[in-house]
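For reference, the chains in residue letters:
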Amino acid sequence: MSDPTPPAPEAPSPATDADRDADPRRGRWIRIATRLVLIVVILAAGAGVFGLLVSTGASTPRNPPGVEARRVVAFTLEPTTVRRPWRGYGTAEVVDSADVPARVTATVASIPPDIRDGRRVAAGETIVTLDADDFERTLASAASQLDDLRAQLERLDLERDRLARQVELETRDVEIMRREVARFTRLRDSKSANDQDVDESTRQEIAAEAQLSRTQESLDALPARRRSLEAQIAAQEQAVEQARIDLARTTIASPLDGIVEAVDVEVGEQVAVGQRVARIVGLSSMEVGLALPAAARGSVVVGDRAELTSVSDGQAWVGEVGRVSPRDDAETRTVTVYVDVDQPGADAAFGTRDGAGLLLPGVFVSGWATGEEQPGCWVVPRRSVREGRVMVVDSVDGQGVGLARSVPVDVAFTVSSASVPGMASSTGLADVEWVVVESVDGSLAQGVPVLVTPPTDLRDGSAVRPMSPTEANAATAESSKAMGASAEGGS
């Protein structure tokens, strides 16, 4: 028997029209469902990213529930009128000083033993004595010549009186002689006298008139001689006075109250006219030529306040601008203002403990000269500014809690406490260095609380509880008092 042949497979039956219509419809719904799923996924991812950004954003963090708001010290910002300070440097110099010169040429005879550098002297006190022998002899000779001239003037006055009397007598004698001539002339005419008698009387008249003329000439010459003698006497009186002055100049005295800065001569040394023998300085009036930026011209004027500080030891003085140089330094681009510092009683205090804070010649100082007033400035402590920003407190609620926010600022210039005297009392902050700031974004405003010393770890949006510096000081004092009481109780 042969193997049966396997049956042939059945051919697929042809698809109906209904099946062909159902396939495209299913594909379309699948595509629509896929798109919906993708949209939902994208929206969910966007919501997640948004939530992540909100949770990690720096601008609106919140303290976790149950965390207490951080206490910070803040003061209320107020617009303030300040006088802009300009900083410069200069060296202190004395206003009253004297390079005491020799006024005559002579040898140094003596120097008082207590005249040394640094000693206080009074005006008129002797500091050097010169040899006076030559000047005493000159004075004696000049005085003797003056006495002789005065004696000549007295003799001239006597001679004038004598000649005046002689003129009077000789005038009478001439008159008598004239009468005699007239008488002999009448007698000759009456034949009682001859011509010889007339001639003799005439000769006698002529002789009397000649004598009167000579005497009158001598008398008339006396005023000129007197004027000459008076001129000689005046000149000699000046010579005597000059001799006295030169003699007095052998004693060299201090022209002012002050301190001996230097004695330049020694006993036995020959000094010439004009040579300096000592230098005296008065410390009661000092002046500092302060070199300020040239832009300060017109801002700093005579009468403005200036604060000076020693560069070496930090001592401070207050002065007033007394004058301003009319010329700018082209190399340093500075203008020099001269600050006057008054130190009443400085000469007496020098060298004592009371004089420890005196401004002395040669001290190099830095200084602030305050210029014109500038109203509406924002003034904050320098320590409030960190990396060009200050922190303020926003949205303070009824519980005294607000949100910290940093504000970008530019520091315009530094001011001293003296330039803003009301800041310490109005803010409760003492011994603070102040700066004038300008808000970059314009968000600083009157009444905004500004943190005095913002903590380095404080972030924007953190909840804070601001308290004033006065409250902070009181709290610190109370805490210190409680700690002291606790320590006493434990002991």
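Just so it is clear, the structure is predicted and the values come from calculations on it, not from any experiment.

Turning our attention to unusual backbone geometry. Residues other than glycine seldom take positive phi values, yet Arg 333 does so here, at roughly 55°. Inspection of the secondary structure puts Arg 333 in the loop between strand 11 (316–329) and strand 12 (334–342). Classification of Arg 333 as exposed rests on a relative accessible area of 66%. For Glu 387, which is not glycine, the phi torsion reads 50° and is therefore positive.

Taken N-terminus to C-terminus, the directions of helix 2 (residues 133–189) and helix 3 (residues 195–248) make an angle of 165°; their axes are 7 Å apart at the nearest point. Taken together, the axes of helix 2 and helix 3 lie roughly antiparallel to each other. Read as a crossing pair, helix 2 and helix 3 show a hand that is left-handed. Looking at the contact of helix 2 with helix 3 residue by residue, the classes come out as 26 nonpolar, 15 polar and 20 charged.

Looking now at the sheet that holds strand 6 (residues 251–253). Spatially, the 4 strands line up as an open sheet ordered 6-5-3-8, and their pairing is antiparallel. Two strands bound the open sheet, and with one partner strand each, they are strand 6 and strand 8 (270–271).

Attention now goes to helix 3. Along an α-helix, residues three or four positions apart point the same way, because every turn accommodates 3.6 residues. Look at helix 3: 79 Å from first C-alpha to last across 54 residues, which is about the 80 Å you get at 1.5 Å a residue. Along its length, helix 3 reaches its greatest deviation from straightness, about 30°, at Leu 222, and the proline Pro 223 lies no more than four positions downstream. Its side-chain oxygen 3.1 Å from the backbone nitrogen of Gln 196, Asn 194 forms the N-cap of helix 3.

Looking at the protein chain as a whole, the pLDDT averages 86, with 87% of positions reaching at least 70. Confidence, expressed as mean pLDDT per element, reaches its minimum in the protein chain at helix 1 (residues 17–56) with 66 and its maximum at strand 12 with 97. Contacts of residues 1–20 to residues separated by more than four positions or lying in other chains number 1 contact, the stretch itself having pLDDT below 50. This stretch, residues 56–62, has a pLDDT under 50; its non-local contacts, to residues over four places away or in other chains, come to 6 contacts.

For the rest of this paragraph, the subject is the layout of surface pockets. Computed from the structure, the largest pocket encloses a volume of approximately 250 Å³. Along its surface, the largest pocket is lined by 13 residues, and Arg 389, Met 391, Ser 406, Leu 458 and Asp 460 are the ones closest to its centre. Among the elements that line the lining of the largest pocket, the one with the most residues is strand 14 (residues 389–394), at 3 residues. Taken together, the residues of the lining of the largest pocket sort by class into 6 nonpolar, 2 polar and 5 charged.

Let us look at a nonpolar patch on the surface. Side chains of Trp 29, Ile 32, Leu 36, Ile 39 and Leu 43 sit close together on the surface and give an oily, nonpolar patch of about 540 Å² of accessible area. Along the chain, Trp 29 turns up in helix 1. Of the residues examined, Trp 29 reaches a relative accessible area of 56% and is grouped as exposed.

What follows deals with the pattern of salt bridges. Using the criterion set out here, one finds 30 salt bridges in the structure. Two residues, Arg 119 and Glu 125, come together in a salt bridge whose shortest N-O distance is 2.9 Å. The class of Arg 119 is partly exposed, set by a relative accessible area of 24%. Accessibility expressed as a relative area gives 24% for Glu 125, which makes it partly exposed. Across the pair Arg 323 and Glu 287 runs a salt bridge whose closest N-O atoms are separated by 2.9 Å.

Cut-off values and rules
- Residues numbered from 1 in each chain as written.
- Predicted model: local features only at pLDDT ≥ 70, side-chain atom pairs only at ≥ 80, totals over all residues.
- Heavy atoms only, no water.
- Helix = DSSP H or I, 4+ residues; strand = E, 2+ residues; numbered from the N terminus.
- Buried < 20%, exposed > 50% of the residue type's maximum accessible area, 1.4 Å probe, protein only.
- Axes fitted to C-alpha atoms, helices over the stretch in contact; angles between N-to-C directions.
- Parallel < 35°, antiparallel > 145°, perpendicular 65-115°, else oblique.
- Left-handed = near helix turned anticlockwise from the far one by under 90°.
- Nonpolar A, V, L, I, M, F, W, Y, C, P; charged D, E, K, R; others polar.
- Pairing = 2+ DSSP bridges.
- Expected span 1.5 Å × (residues − 1).
- Bend = angle between axes of the 7 residues up to and from the residue.
- Polar contact = N/O pair within 3.5 Å; in protein donor to acceptor, adjacent residues only side chain to side chain.
- pLDDT = per-residue confidence, 0-100.
- Contact = heavy atoms within 4.5 Å.
- 1 Å grid on protein atoms, 1.4 Å probe; cavity = no way out; pocket = protein on both sides within 12 Å on 5 of 7 lines; lining within 4 Å.
- Points joined across faces, edges and corners; volume = space filled by probe spheres on them.
- Patch = residues over 30% accessible without salt bridge, like charges linked within 9 Å, V, L, I, M, F, W, Y side chains within 5 Å.
- Areas by Shrake-Rupley, 256 points an atom, 1.4 Å probe, with all protein chains shown as cover.
- Salt bridge = Lys/Arg side-chain N within 4 Å of Asp/Glu carboxyl O.

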